[in-house]
Every structure is written in C-alpha cells, then in structure tokens.
Amino acid sequence: IYMVNYVNDAPGTLQTSGNHYDCHQFTLGEVWSSAEQMYWLDKTTKADFYCFYPYAVPADVNAYSFQTAADQSGLAAYKASDFVWGKASGVAPSKYNVDIATNHILSNAKIIVRPGDGFTEETLAAAEVKVRINDVLTEALIDIADGSVTATGTPADVVPYDYGEYYRAVVVPQTVAEGSELIVLTVNGVDYALKKGFTFRPGVRHKFTVTVNKTSGGINIGVGDWEDDEEDNGGSAE
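Keep in mind that this is a model prediction, so the values were computed, not measured.

What counts, and where the lines are drawn
Residues numbered from 1 in each chain as written. Predicted model: local features only at pLDDT ≥ 70, side-chain atom pairs only at ≥ 80, totals over all residues. Heavy atoms only, no water. Helix = DSSP H or I, 4+ residues; strand = E, 2+ residues; numbered from the N terminus. Buried < 20%, exposed > 50% of the residue type's maximum accessible area, 1.4 Å probe, protein only. Areas by Shrake-Rupley, 256 points an atom, 1.4 Å probe, with all protein chains shown as cover. 1 Å grid on protein atoms, 1.4 Å probe; cavity = no way out; pocket = protein on both sides within 12 Å on 5 of 7 lines; lining within 4 Å. Points joined across faces, edges and corners; volume = space filled by probe spheres on them. Nonpolar A, V, L, I, M, F, W, Y, C, P; charged D, E, K, R; others polar. Pairing = 2+ DSSP bridges. Axes fitted to C-alpha atoms, helices over the stretch in contact; angles between N-to-C directions. Core = buried A, V, L, I, M, F, W, Y, C linked by side-chain atoms within 4.5 Å. Contact = heavy atoms within 4.5 Å. Phe/Tyr/Trp six-rings, centres within 6.5 Å; stacked < 30°, edge-to-face > 60°.

> Explanation requested: the overall build of the protein chain in the structure shown.
Check the secondary structure of the protein chain and you find 2 helices and 17 strands. A burial count over the protein chain gives 43% of its 238 residues as buried. In the form shown here, the protein chain has an accessible surface area of approximately 12,500 Å², with 48% of it arising from carbon and sulfur atoms.

> Is there a simple way to think about the layout of surface pockets in this case?
Roughly 1,000 Å³ of volume is contained in the largest pocket. Surrounding the largest pocket, 29 residues form its lining, Ile1, Phe26, Trp32, Met38 and Val98 being those nearest its centre. Every element with two or more residues in the lining of the largest pocket is listed here: strand 3 (32–33) and strand 4 (47–53). For the lining of the largest pocket, the leading source of residues is strand 4, giving 4 residues. Partitioned by chemical class, the residues of the lining of the largest pocket number 17 nonpolar, 9 polar and 3 charged.

> Please explain the sheet that holds strand 6 (residues 84–91) as it appears in this structure.
Hydrogen bonds along the backbone pair up the strands of a sheet, which may run parallel or antiparallel. Within the open sheet, the 4 strands sit side by side as 1-4-6-7. Their pairing is antiparallel. Every interior strand has two partners, whereas the edge strands, strand 1 (2–5) and strand 7 (102–104), have only one. Neighbour-to-neighbour, the strand axes of this sheet turn through a mean angle of 20°, independent of strand direction. Both strand 6 and strand 7 contribute to a ladder of 3 bridges, which runs antiparallel.

> Would you explain unusual backbone geometry in this entry?
Negative phi is the rule for most residues except glycine; trans is the rule for most peptide bonds. A cis amide bond links tyrosine 53 to the next residue, proline 54, at an omega of 5°. Turning to its location among the elements, proline 54 is positioned in the loop between strand 4 and strand 5 (64–67).

> Any chance you could explain the sheet that holds strand 11 (residues 161–162) here in plain terms?
Read from one edge to the other, the open sheet built from 4 strands follows the order 11-12-8-17, with strand pairing classed as mixed. Here the strands that pair on one side only, and so sit at the sheet edges, are strand 11 and strand 17 (205–212). Inspection of the sheet shows strand 8 (residues 107–115) paired to strand 12 (residues 167–171) by 5 bridges, in the antiparallel sense. Among the inter-strand pairings, lysine 110 is bridged to a residue of strand 12, identified as arginine 168.

> Would you take a moment to explain the nonpolar core for this structure?
As a rule of thumb, soluble globular proteins bury nonpolar side chains together. Counting 25 residues, the largest nonpolar core has Ile111, Ile133, Leu182, Leu185, Phe200, Phe208 and Val212 as its most contacted members. Within the residue set of this core, elements represented by two or more residues are strand 8, strand 9 (129–143), strand 12, strand 14 (181–187), strand 15 (190–195), strand 16 (198–200) and strand 17. Beyond its immediate sequence surroundings of up to four residues, isoleucine 111 is in contact with Val131, Ile133, Tyr166, Tyr167, Ile183, Phe208 and Val210. Of all hydrophobic cores here, the second largest spans 21 residues; its members include Val4, Tyr64, Ala140 and Ile144.

> Please explain the pairing of strand 17 as it appears in this structure.
Along a regular strand, successive side chains alternate from one face of the sheet to the other. Burial runs high along strand 17: 6 of the 8 residues are buried. As paired strands, strand 8 and strand 17 are joined by 8 bridges and run parallel to one another. Note on strand 17: the bridge partner recorded for asparagine 108 is arginine 205.

> Looking at this model, I keep getting lost on the environment of isoleucine 133. Mind explaining?
Mapped onto the elements, isoleucine 133 comes out in strand 9. The spatial distance from the C-alpha of isoleucine 133 to the C-alpha of valine 159 is 6.5 Å, given a sequence separation of 26 residues. Not counting residues up to four positions away in its chain, the partners in contact with isoleucine 133 are Ala109, Ile111, Ala156, Asp157, Val158, Ala169, Val171, Leu182 and Phe200.

> Where do I start with the packing of aromatic side chains in this structure?
Remark: the centre distance and the inter-plane angle together describe each pair of aromatic rings, the angle taken between the planes. Taken as a whole and judged by the stated rule, the model has 14 aromatic pairs. Ring geometry for phenylalanine 198 and phenylalanine 200: centres 5.0 Å apart, planes at 70°, overall edge-to-face. Judged by its relative accessible area of 7%, phenylalanine 198 is buried. For phenylalanine 200, a relative accessible area of 2% gives the class buried. When the centroid spacing of 5.3 Å and the interplanar angle of 55° are considered together, the rings of phenylalanine 198 and phenylalanine 208 count as tilted. Of the two residues, phenylalanine 198 sits in strand 16 while phenylalanine 208 sits in strand 17, which places them 10 residues apart along the sequence. Members of the aromatic cluster, connected to one another through ring pairs, are Tyr2, Phe52, Tyr64, Phe66 and Phe83.

Below you can see the structure in the form of structure tokens.
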C-alpha cells in the first residue's frame, strides 16, 4: 500500500519513493496486519491509498514490469500470474479502518472443451488433450497510479491450468491480430487451431466454449465478461 497525502487540500502525486508511506506490506491472516503501524500525517490531512497484489517494490510506479507465467499448468503459477489493484481517494483521518476495493486488472480466459462430430464425451475424455493460448504477450507494464496496463515483452504460448471441467489462464490485456491462431487444441497429436482476432480486456473473464469436430475440425466459441454475459463470437478451426 502507498499512502499519498493531500497538499493544500489537493491530491498529491504518487511517487516511486518519498510518499507518506511507500509500498507498505500487509499480510492476511485472520485480519490484515503489517509489521509496522501506519499513521495519518495529522488530524486533518486527507490521503489517497494505492493498493496492489502480489507484493513487490516497483522500480517505477508508473511503469511497473509484471510477468505472467507462460506455463500456468500448475495452480501456483496460475495464481501467481494474477494482479489486483485498487485505490481509495480523499480519505479523511479517522479512527476507523480504511476500506480499499481491489479489482483484477489483467484478463482471464476460461476454456471449455466439448465433443463434436466424431467424438463422444467418453472418447474425448479418454483422449490426450492439450490446450494453449497461442503467441500472446506475457509481460505487462502497470501504472500503479491508475491501474492501467500495457502489454509488452516477447510473445509466448500460454498453457492454462486444467480445472477438470475447464481450463483457466491469466492473460495480459491485448489485441490479437485477425487471422492469428488464437487457441490451439491438440487432441491425440492432432492440432485444431482457431484462427481469429480477439481483444483480451482488463478485468474481464472471457469464456471460450470449444467444440471439437474430428471430421471438420470445427470450433465454436462463446465469449462473456467476468460476470459471464451472453455475448457470443463464433468461429471455426482447421
């Protein structure tokens, strides 16, 4: 948490260092706690609070480099790829706790694989299925002041975590060009590639329902946001 005091009743500017509190670490047990208490400047000076997770000490609060894992097949790597951010503005000194609401600022892909022509639930379940999100940027430059994200780095294939009924991966918000192989399924050694442009949006969970057709290799996709809306984008794979 960063705490930035108001100056002459106007918001201060978040700095990499030199704020009222810089990158003050809290941990969650039964309650939130820290090794050192935080105190107000005085009885009247308001402050802004900036919060993010996971904990780190950014070299630049306006361009913090955060790396998501390319291999998220392990639950620890999947969880470590998430980033949450929040801000509480213009909080006046009081004896009460400061409430800070945080949100996911990266994107999330939920991929559900369904049998189509030439498959049954049983044969698909027995098959060797591998899933990857193809050739996406895995590094983000995050502005801690406003929670904005810029995709950067070198493209990589992202392997999602297998929850059993679906796959999940954290993806840096970005736009994938039209005609790209967005999602590739490998079923018993045979690749099925969805060639489609797509925009991964901050704070949004995109739902991909993938129907695998052995004869035509078709893939149908439904896309929803973090609240699972009913928006649908169809497509096919060869």
